[in-house]
Each structure stands twice: as C-alpha cells, then as structure tokens.
Amino acid sequence: MAVESNALLRVNNLKKYFPIKAGLFRKTVAQVKAVDDISFYINEGETLGLVGESGCGKSTTGATILQLEKATAGEVIFQGKDVLSFSKKEIRGMRRDMQIIFQDPYASLNPRMTVTEIVGEPLDIHKLVRNKQEKKERVKQLLGSVGLSTEHMHRYPHEFSGGQRQRIGIARALAVEPKLIIADEPVSALDVSIQAQVINLLQELQQEYGLTYLFIAHDLSVVKHISDRVAVMYLGKIVEMTSKVDIYDNPLHPYTQSLLSAIPIPDPTINKERIVLEGDVPSPINPPSGCRFHPRCPHVMEICRGEDPEFKVYGDNHYVACHFLDR
Amino acid sequence: MKSQKSKLGENKKWQRLKRNKMAIAGLLIICAILLIAILAPYISPYDPLVLNIRSRFQSPNSEFLFGTDNYGRDLFSRVLYGARVSLKVGVIVVFITSALGTFFGLIAGYFRKLDYVIMRVMDAFMSFPTILLGISIVAILSPSEMNAAIALSVVYTPRTTRIVRSAVLEIKGSEFVRAAKSLGASDFRIILKHILPNCLTPLIVQSTFVFAYAVLAEASLSFVGAGPPPPAPSWGNILSEGRQYIRTAPWITIFPGIFIALTVLGLNLTGDGLRDALDPKMKK
C-alpha cells in the first residue's frame with residue numbers, strides 16, 4: 001500500500017483469531033477468524049469510517065488496535081511505532097494517545113461511581129492533576145466541553161438519559177487529551193433524534209482538539225455524515241476503502257454496491273434499483289475459499305472461488321479487493 | 001449534594017425492603033434475638049450455671065418459665081445465654097468467610113490462571129459433608145467457641161468464594177471494565193474500584209445465609225460435643241444434654257430448638273428480602 005507521509009495510524013496485515021477450545025485438555029479445535037489480514041491507514045485529523053454488518057469484525061478491529069484484545073499477527077503502527085511490540089508499561093503510556101468511546105452508554109459507565117469519579121479516573125491514573133481542586137476544575141471543564149453542566153457532577157449514571165451518558169463517556173475519553181479516538185458504534189444505541197446531536201458534538205470536538213477518529217458503524221448514512229474516507233468490511237476483511245465521495249458515487253465492490261442500494265431515500269417518487277443479496281453471511285469459523293464474498297456475489301467468476309483477491313489501488317486512493325475489476 | 005443523592009438511592013432500597021412484610025418480620029426476629037443476647041445478664045432470672053438439685057426436671061411454670069434441666073438449672077436463663085454463643089459464632093463466621101471468600105473470589109475470578117488452582121482447592125473442601133469437615137477440624141483444634149467458629153469458616157468459605165467469583169466473572173466482562181482498561185487502569189485499580197463495589201450485593205445476601213447456616217451448624221457441632229464445652233450453655237449443647245430425657249422432660253429440647261429455628265428463619269427471611277431489595281433489576 002502506498003505510504004502516506006502523514007498517517008497517524010497504520011494497520012498492516014492485522015489478524016485476530018479467537019480459538020475455539022473443546023474437550024478435556026482444552027485443545028484448540030477451530031478458530032474464529034474475526035479479523036483476517038486487514039490493512040488501512042488514518043491520516044492525522046481525518047475520520048475513517050469503518051462499516052460492515054454485525055459480526056464482520058469491525059469492533060474487534062478497534063479492540064485489537066487498542067490492545068484490549070491481543071492481536072494474532074500483523075502491525076499496528078501509531079506515530080511511527082509498532083504498538084503490538086509495546087511492553088505493559090508502554091501500553092499504559094499509549095493509552096493517553098488512543099482512546100475509545102463505547103457503543104452501549106448504559107454498560108460502559110460504572111453504576112457505582114459518580115460522574116466526577118468516572119471522568120476524573122483517567123486524570124488519576126495518568127496523574128494529570130496535582131490535587132483535588134485541580135481535578136474538580138478539569139472535570140468541570142471537560143463536562144462543559146461535551147455540553148453537560150456542573151450540576152451533573154455528583155450524580156450517578158442511572159440518573160442520565162442515553163445521550164447524556166454517551167456525553168459522559170466522551171468526556172472520559174477526552175480527559176487524557178488523546179490524538180486518536182476509536183468510536184465503536186457510538187450512536188447506534190441512541191434514539192435517532194439524539195444521534196445527530198452526538199455526531200455533531202464529535203465533529204465539533206474534532207475541530208477544537210484536532211482529533212483523529214476511527215468511526216465504526218453499521219449505518220452508512222451516519223458514516224456518510226462524519227467520515228472523510230470510508231472502509232467497508234465483510235467477514236473479517238476490508239473489501240473497499242476510499243474517499244467518502246467515491247464510495248457513495250462510485251462504489252466498485254459488489255458488496256459495497258449492495259449496501260448502498262439498501263439506504264432508504266426519503267422520496268417515494270424515486271424508483272431505486274435494490275440489489276438484494278442471496279443467503280446469509282457465512283460463518284467466520286470456516287469462511288468460503290477464495291474471495292469471501294463469492295457465494296453471495298452477483299458477478300461471481302471461476303477465479304473468485306479459488307483465489308483470494310488482492311487489495312489493490314484503482315485510481316486515486318481507491319482500494320478494492322475484487323477479481324471482477326480485473327477482467 | 002453527594003450525600004443527598006446517594007441517600008436517595010439508599011432510600012429507594014429501604015422502601016423496597018420495607019414493602020416486603022416477610023423481610024421485616026425476619027428483621028424483627030433477628031433484632032429480638034440480638035437484644036436477648038446483649039441483655040442476657042440483665043433479663044435472665046437465674047444464673048445459668050447454678051445447680052439446684054431440689055428443682056430438677058421441673059416442667060415450665062411461673063417460677064421457671066421454660067422449666068429446669070437435669071441439674072435443676074433454669075432453662076430460660078440458659079437459653080438466653082445460649083443466644084450469645086450462637087450469635088457470636090455466627091458473626092465471627094460471617095466476618096471470616098466474607099473476608100476470605102472475597103479475597104479468593106476476586107483473585108480466582110480476575111486472574112484466570114489462578115482460577116483453576118483456587119477453585120479446585122475450594123471444590124475439594126466442598127466435597128466433604130459440612131458437619132463432618134467441621135467436626136474433624138474441631139477435633140484437631142480442641143473444642144471451644146472460637147475453634148468451632150474457625151472450623152465453620154473453613155467449611156463455608158468455599159461457598160462465598162464461588163458466589164464472589166461468579167459475580168467477578170460477570171462484572172469483568174462488562175464494558176465499564178473494558179473502559180477502565182482502555183484508560184490504562186492497573187489490575188489492582190480495576191479490582192478495587194470497579195469490580196469489588198459491584199460484587200457487594202451478592203456478598204451481603206450470601207452473608208445472611210452463611211450466618212443462618214453457621215447458627216445451625218454451631219448447634220449441630222455442640223450437639224455432638226464439638227462446640228463450646230459444658231457447662232457453658234449453647235443452644236446445641238442444651239439440646240444435646242436434654243436428648244436423654246426427651247420422653248420425660250421434652251421442654252429441655254423443645255425450647256432451644258424453637259430458638260434455633262426462629263433465628264435461622266429470621267436470617268433467611270432477611271436474606272431473601274435483601275436480595276430482592278438490592279437487585280436493581282427488580283423494580284416493582
């Protein structure tokens with residue numbers, strides 16, 4: 001892949017297999033190939049949207065980059081250093097630069113901690129404040145930047161709505177002044193009316209603090225709004241990655257095309273041609289040979305069954321893995 | 001502000017507990033027994049140890065409320081004093097099992113490598129019949145109040161460990177623990193600040209049941225002579241001594257039996273009530 005000079009994060013051939021253990025001696029009998037050899041990069045200050053249906057490995061990708069899951073193979077190069085080779089101490093230091101916002105705002109906040117304790121925890125962990133007064137001031141400031149007021153400081157998570165809780169989670173992630181934030185479906189658990197608010201907040205924060213986002217979602221319209229570039233995942237692989245404009249106007253991979261055709265248009269007079277895929281997503285335990293999409297692909301050819309397509313560049317930074325384009 | 005808010009939460013739980021009539025009944029029984037144990041020296045009409053051969057085997061009457069035993073000791077006084085032994089042993093057992101059970105449960109649940117070792121040892125302890133294990137330990141240590149408590153703590157620690165461990169496993173997989181990890185929190189911090197506070201509910205509920213088991217088991221140990229030795233009264237050894245006279249003087253066994261049953265009933269009702277009140281998913 002072409003080397004981007006200003007890439008903040010570069011993921012090379014990342015793999016994450018989960019072993020399935022069975023029997024008396026817990027022998028590994030099979031592997032779930034959640035993430036299977038993916039490569040991408042994110043430039044400083046941009047937002048890369050990572051989309052795909054549930055179970056395709058997009059959340060695992062995020063967790064593996066953050067070392068919440070141990071990678072099976074590959075490289076995660078952040079600011080020029082391979083994160084996967086870091087010692088425990090270095091990983092803790094890295095956590096100041098890389099943060100995550102979780103999908104479920106109900107499960108991701110400790111129910112027995114107040115907002116001050118939750119948002120203040122990273123400040124304590126990384127010793128970013130010298131005393132209680134300073135911590136209080138910083139928490140106030142952080143809450144202010146996500147649109148919460150100081151009167152919320154001593155409340156418990158159950159006293160908030162979903163959108164407010166997600167704001168608390170964002171404030172917690174911001175506390176360490178990270179460079180990269182992995183947003184793992186940050187709005188998919190929220191009401192549609194709240195989704196827009198949270199996304200706008202994320203965009204404002206990006207501008208204010210110069211943040212870089214890996215924005216994971218299963219909703220193409222949400223991704224369209226926030227992303228600069230989009231990567232589409234299918235069954236543990238990235239099948240297409242390009243700029244936002246290209247992916248919506250000129251999708252090359254048949255899977256991307258079918259995904260885009262599923263976006264509803266709020267105009268009943270437009271008669272859209274819907275590409276409906278046959279069958280279900282195959283199991284990542286025993287993925288199809290060759291191109292993983294071939295059993296459901298409308299353009300399937302002989303070569304697709306045997307050979308895994310290469311992730312190649314077609315035009316301006318438009319990466320696709322598909323044999324059909326090489327005809 | 002903070003105390004107000006947390007009080008509000010506590011109030012809700014208290015309200016829920018108050019609505020449960022059985023739990024309140026249980027709580028009242030426990031309070032009554034506790035009062036009896038504390039006030040025993042002031043409310044018992046006779047010295048529980050003084051022999052009075054002339055008034056042996058008196059059936060309950062106005063002079064001896066619960067009758068007298070084979071040495072002519074006042075049974076009412078002995079039962080009141082017996083409450084002290086039972087509750088003392090119960091409290092000690094609850095303290096030791098909670099401390100050890102929480103410690104081992106946290107370690108086993110959090111560090112999967114130690115899990116196997118710790119839990120197999122606990123399983124080994126659990127594979128012995130409760131009373132048999134208790135008797136053997138007391139036999140090694142010599143019978144006394146404290147040793148009975150130690151023996152029962154050994155017997156019940158594995159159960160508390162299991163409860164805590166399963167709670168830890170559940171909480172460990174939760175997203176807020178992942179969040180803490182992604183913030184760079186150390187294992188120690190995660191265990192202390194995130195996992196421990198969230199396992200307290202099952203631990204508190206378990207403790208009331210351990211208390212009940214301990215009262216019952218202490219009586220059983222005393223009954224077979226592995227509890228506090230006579231002449232000091234405990235419900236178990238009163239029962240044990242009265243056993244030979246059960247046909248001619250049944251009151252000797254009936255009264256301590258009633259008190260054991262009441263205490264265990266009270267603790268179990270309280271435990272059930274607490275479980276329902278503290279469980280945030282039960283919002284009626």
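Model, not experiment: these values are computed from the prediction. (Residues numbered from 1 in each chain as written. Chains lettered and ligands numbered in written order. Predicted model: local features only at pLDDT ≥ 70, side-chain atom pairs only at ≥ 80, totals over all residues.)

A.B. asks: Explain the overall build of chain A here, please?
C.D. replies: Counting its secondary structure elements, chain A contains 10 helices and 12 strands. For chain A, the C-alpha radius of gyration of 21 Å lies close to 20 Å, the compact-globule estimate for 327 residues. Projected onto its principal axes, the C-alpha coordinates of chain A cover approximately 70 × 60 × 45 Å. Residue burial in chain A is summarised as follows: out of 327 residues, 41% are buried. Of all intrachain contacts in chain A linking residues separated by at least 6 positions in sequence, the fraction that spans at least 24 positions is 64%. (Helix = DSSP H or I, 4+ residues; strand = E, 2+ residues; numbered from the N terminus. Rg over C-alpha atoms; globule rule 2.2 N^0.38 Å. Buried ≥ 20, exposed ≤ 12 C-beta atoms within 10 Å, placed from the backbone. Contact = placed C-beta atoms within 7 Å.)

A.B. asks: Hey, could you run me through the environment of N43(A) in this one?
C.D. replies: Assignment of secondary structure puts N43(A) in strand β2 (residues 27-43). When the C-alpha positions of N43(A) and A217(A) are compared, they lie 19 Å apart, and in sequence the two are 174 residues distant.

A.B. asks: Can you help me understand the interface of chain A and chain B in this one?
C.D. replies: You'll often see interface size given as the accessible area lost when the parts meet. In this complex, chain A contributes 21 residues to the contact, which on the side of chain B involves 16 residues. For the side of chain A that touches chain B, the elements supplying multiple residues, two or more each, are β6 (98-101) and α3 (115-125) of chain A. If you tally residues by element for the side of chain A that touches chain B, the top one is α3(A), at 3 residues. Within the side of chain A that touches chain B, the residues separate by chemical class into 9 nonpolar, 6 polar and 6 charged. (Nonpolar A, V, L, I, M, F, W, Y, C, P; charged D, E, K, R; others polar.)

A.B. asks: How do you make sense of the sheet that holds strand β5 (residues 81-82) of chain A when you look at a structure like this?
C.D. replies: Hydrogen bonds between backbone groups are what pair the strands of a sheet, and the pairing can be parallel or antiparallel. All names here are of chain A. Here we have 4 strands laid out as an open sheet, ordered β2-β1-β4-β5, and antiparallel in their pairing. Two strands in the sheet have a free side with no partner beyond their single neighbour: β2 and β5. Bridge analysis of strand β1 (residues 7-22) against strand β4 (residues 73-78) gives 5 bridges, and the strand direction is antiparallel. Along β4, the bridge assignment pairs N12 with E75. (Pairing = 2+ DSSP bridges.)

A.B. asks: Hey, could you run me through the environment of L202(A) in this one?
C.D. replies: All names here are of chain A. Examined against the element boundaries, L202 turns out to sit in helix α6 (residues 192-209). In this structure, the C-alpha to C-alpha distance between L202 and V115, residues 87 residues apart in sequence, is 20 Å. Beyond its immediate sequence surroundings of up to four residues, L202 is in contact with A183 and I226.

A.B. asks: Just checking my understanding: could you explain the nonpolar core for this structure?
C.D. replies: Grouped burial of nonpolar side chains is what soluble globular proteins tend to show. Within the largest apolar cluster, 98 residues are counted, with the highest numbers of intra-cluster contacts made by V119(A), A171(A), A183(A), L214(A), F215(A), A231(A) and V232(A). Element by element, the count of residues in this core is highest for β2(A), at 7 residues. With residues up to four places along the chain from it excluded, the contact list for A183(A) reads I101(A), L202(A), Y213(A), L214(A), F215(A) and I216(A). The next biggest cluster of nonpolar side chains, apart from the first, holds 47 residues, and it includes F64(B), V94(B), A226(B) and I238(B). (Core = buried A, V, L, I, M, F, W, Y, C linked by C-beta atoms within 7 Å.)

A.B. asks: Looking at this model, I keep getting lost on the pairing of strand β10 (residues 237-243) of chain A. Mind explaining?
C.D. replies: It is a general feature of regular strands that their side chains alternate between the two faces of the sheet. Residues and elements named next belong to chain A. Of all 7 residues in β10, 6 are buried; the element is thus mostly enclosed. The sheet contact formed by strand β9 (residues 229-234) and β10 spans 6 bridges and is antiparallel. Bridge pairing in β10 links A231 to M241. Linking β9 to β10, which pair antiparallel, is a turn of 2 residues; within it L235 sits at a positive phi near 50 degrees. Bridging between β10 and strand β12 (residues 319-320) involves 2 bridges; their strand directions are antiparallel. Within β12, the position partnered with M241 by the bridge is Y319.

A.B. asks: Help me understand unusual backbone geometry in this model?
C.D. replies: The phi angle of most residues is negative, glycine excepted, and most peptide bonds adopt the trans form. All names here are of chain A. Of note in the backbone geometry, D37 takes a positive phi value of approximately 65 degrees without being a glycine. By the element assignment, D37 lies in strand β2. In this structure D37 comes out as partly exposed when scored by C-beta crowding, with 17 C-beta atoms within 10 Å. Its identity as a non-glycine residue notwithstanding, L235 has a phi of 50 degrees, on the positive side. With respect to the helices and strands, L235 occurs in the loop between β9 and β10. Using a count of 22 C-beta atoms within 10 Å as the deciding quantity, one classes L235 as buried.

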